[in-house]
Amino acid sequence: MATKKAGGSTRNGRDSAGKRLGVKRFAGEVVQPGTIIIRQRGTKFHLGQNVGMGRDHTIYSLVLGKVEFERKDKTRLAVSVYPS
């Protein structure tokens, strides 16, 4: 009769729920004021024209217009909304 002794308990087995970060509205999309464009940790994307930043670094639109992604310099990307 094959038996197996107790193997003890594992110390792993925990994980947190995903935070749903990332780009929510892409370049060329028309957005309303207040629409979330990017949810991020830190300033992976920087502010351009007509966008605001929440205290959790969420970038959102301040005007009705089209989303544009542009290079600020060699390493930084900015997000802008231009009225259409």
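All of the points below concern the structure found in this document. Because the structure is predicted, anything quoted here is derived from the model rather than measured.

**Section: the side chain of Ser-80**
Inspection of the secondary structure puts Ser-80 in strand S8 (residues 77-82). One polar contact links Ser-80 to Glu-70, side chain to side chain, over a distance of 2.6 Å. Excluding anything up to four places from it in sequence, Ser-80 contacts Gly-48, Gln-49, Val-51, Lys-66, Val-67, Glu-68 and Glu-70.

**Some words on the sheet that holds strand S5 (residues 51-53)**
Strand order in the open sheet formed by four strands is S1-S3-S6-S5, with antiparallel pairing between adjacent strands. The strands lining the two open edges of the sheet, one partner per strand, are strand S1 (22-23) and S5. Strand direction decides the pairing type here: S1 and strand S3 (residues 36-39), joined by two bridges, are antiparallel. Bridge pairing in S3 places Gly-22 opposite Arg-39.

**Quick word on the packing of aromatic side chains**
Scanning the entire structure with this criterion turns up one aromatic pair. The interplanar angle of 70 degrees and the centroid separation of 5.8 Å between the aromatic rings of Phe-45 and Phe-69 together place this pair among those described as edge-to-face. With a gap of 24 residues between them, Phe-45 in strand S4 (residues 45-47) and Phe-69 in strand S7 (residues 65-71) connect regions that are remote in the sequence. Judged by its relative accessible area of 12%, Phe-45 is buried. Note on Phe-69: relative accessible area 26%, which makes it partly exposed.

**Focus on the pattern of salt bridges**
As enumerated under the stated definition, the model contains two salt bridges in all. A salt bridge links Asp-56 to Arg-39; the shortest N-O distance between them is 3.2 Å. Here Asp-56 is found in the loop between S5 and strand S6 (59-61), whereas its partner Arg-39 is found in strand S3, with 17 residues between them in sequence. We classify Asp-56 as partly exposed; its relative accessible area is 32%. In this structure, Asp-73 and Arg-76 form a salt bridge, with 3.1 Å as the shortest nitrogen-oxygen distance. Note on Asp-73: relative accessible area 31%, which makes it partly exposed. For Arg-76, a relative accessible area of 34% corresponds to the partly exposed category.

Rules behind the numbers
- Residues numbered from 1 in each chain as written.
- Predicted model: local features only at pLDDT ≥ 70, side-chain atom pairs only at ≥ 80, totals over all residues.
- Heavy atoms only, no water.
- Helix = DSSP H or I, 4+ residues; strand = E, 2+ residues; numbered from the N terminus.
- Polar contact = N/O pair within 3.5 Å; in protein donor to acceptor, adjacent residues only side chain to side chain.
- Contact = heavy atoms within 4.5 Å.
- Pairing = 2+ DSSP bridges.
- Phe/Tyr/Trp six-rings, centres within 6.5 Å; stacked < 30°, edge-to-face > 60°.
- Buried < 20%, exposed > 50% of the residue type's maximum accessible area, 1.4 Å probe, protein only.
- Salt bridge = Lys/Arg side-chain N within 4 Å of Asp/Glu carboxyl O.

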